[in-house]
Amino acid sequence: GTITDNCITAPMGKGHGNDGRPFNLETACYLKPMVEAFHHPSTTKMVLMAGVKTLKTFFVEMCCGFHVCHRPGDVTMYFGTGEAAEDHATTRLLTWLKGIPAYKAKLETITGQWDETMKAIKFPDKTLRICPANLPWTQNVNLCFVGVGDALLTESSGMIDQAIERTTQYPHDKK
């Protein structure tokens with residue numbers, strides 16, 4: 001499968017101005033090279049620079065959802081601040097993920113207490129974190145996927161580099 005397979009049935013979250021319909025790659029053809037690059041085995045790092053409201057963060061969400069559902073290892077989606085991470089998680093990302101059948105099936109594997117205000121969703125085979133790019137959240141984790149929304153907002157703190165360094169346990173699968 002591809003990262004766009006998850007988009008066939010999952011309605012996009014708030015703020016996308018498409019009346020809650022699923023994402024269609026044909027309406028954002030400029031993302032096709034990024035989708036192709038994501039699936040290339042040698043691609044371990046991608047940077048998407050584009051204008052405002054061009055689905056940059058949604059592309060990272062698509063990659064995050066694909067990794068949670070289909071790839072090994074822990075997944076973290078970072079944002080510039082804790083407030084931005086919580087807002088994004090509770091208003092967009094988690095709602096969109098729940099529309100993906102493979103993600104819904106993974107949610108059913110969780111035992112114990114969990115709610116959307118928590119910073120980590122602990123599945124039996126991996127953990128999904130949605131958190132700020134700061135020192136406490138970039139230490140003591142092994143990650144296979146690191147996604148950063150609005151990376152510019154992390155400024156020159158070095159946290160993105162530190163998060164990427166947490167992927168060394170997955171030399172063949174890391175993204």
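These numbers were taken from a predicted model, which means no experiment stands behind them.

Caption draft 1: Region of the structure containing the packing of aromatic side chains. Within the structure shown, the criterion is met by four aromatic pairs. Geometrically, the ring pair formed by Phe 38 and Phe 66 is edge-to-face, given 5.9 Å between the ring centres and 85° between the ring planes. A residue pair is termed long-range when its members are at least 10 positions apart, and Phe 38 in helix H1 (residues 32-39) and Phe 66 in helix H2 (residues 56-70) qualify at 28 residues. With respect to burial, Phe 38 and Phe 66 carry one shared label: buried. Through successive ring pairs, a cluster of aromatic residues spans Phe 23, Phe 58 and Trp 96. The ring of Phe 123 carries the charged tip of Lys 106 above its face, separated from the ring centre by 5.3 Å. In this arrangement the basic side chain of Lys 175 is found over the ring face of Phe 38, its NZ or CZ atom lying 5.3 Å from the centre.

Caption draft 2: Layout of the environment of Arg 166. Structurally, Arg 166 can be placed in the segment after helix H6 (159-165). By relative accessible area, Arg 166 is classed as partly exposed at 24%. Measuring from C-alpha to C-alpha, the distance between Arg 166 and Val 146 comes to 8.6 Å, with 20 residues separating the pair along the chain. The residues contacting Arg 166, other than those within four sequence positions of it, are Thr 138, Gln 139, Asn 140, Val 141, Asn 142 and Leu 143.

Caption draft 3: Broad picture of H1. By the burial criterion, the buried members of H1 are Met 34, Val 35 and Phe 38. One face of H1 carries all of its buried residues, which in axial projection span an arc of 100°. Residues of H1 that are exposed and angled more than 90 degrees away from the buried face: Pro 33 and Glu 36.

Caption draft 4: How the structure looks around the pattern of salt bridges. In total, this model carries six salt bridges according to the counting rule given. With a shortest N-O distance of 3.5 Å, Arg 21 and Asp 19 are connected by a salt bridge. In this structure Arg 21 comes out as partly exposed when scored by relative accessible area, which is 47%. Residue Asp 19 is classed as exposed on the basis of its relative accessible area of 73%. Salt-bridge contacts for Asp 125 lead to Lys 106; the nearest nitrogen and oxygen are separated by 2.8 Å. With Asp 125 in the loop between strand S2 (120-122) and strand S3 (127-132) and Lys 106 in helix H4 (residues 101-107), this residue pair connects regions lying 19 residues apart in the sequence. Using a relative accessible area of 47% as the deciding quantity, one classes Asp 125 as partly exposed. Linked by salt bridges that have partners in common, Lys 106, Asp 125 and Lys 126 make up one network.

What counts and how
- Residues numbered from 1 in each chain as written.
- Predicted model: local features only at pLDDT ≥ 70, side-chain atom pairs only at ≥ 80, totals over all residues.
- Heavy atoms only, no water.
- Phe/Tyr/Trp six-rings, centres within 6.5 Å; stacked < 30°, edge-to-face > 60°.
- Helix = DSSP H or I, 4+ residues; strand = E, 2+ residues; numbered from the N terminus.
- Buried < 20%, exposed > 50% of the residue type's maximum accessible area, 1.4 Å probe, protein only.
- Lys NZ or Arg CZ within 6 Å of the ring centre and 35° of its normal.
- Contact = heavy atoms within 4.5 Å.
- Arc of directions from axis to C-beta.
- Salt bridge = Lys/Arg side-chain N within 4 Å of Asp/Glu carboxyl O.

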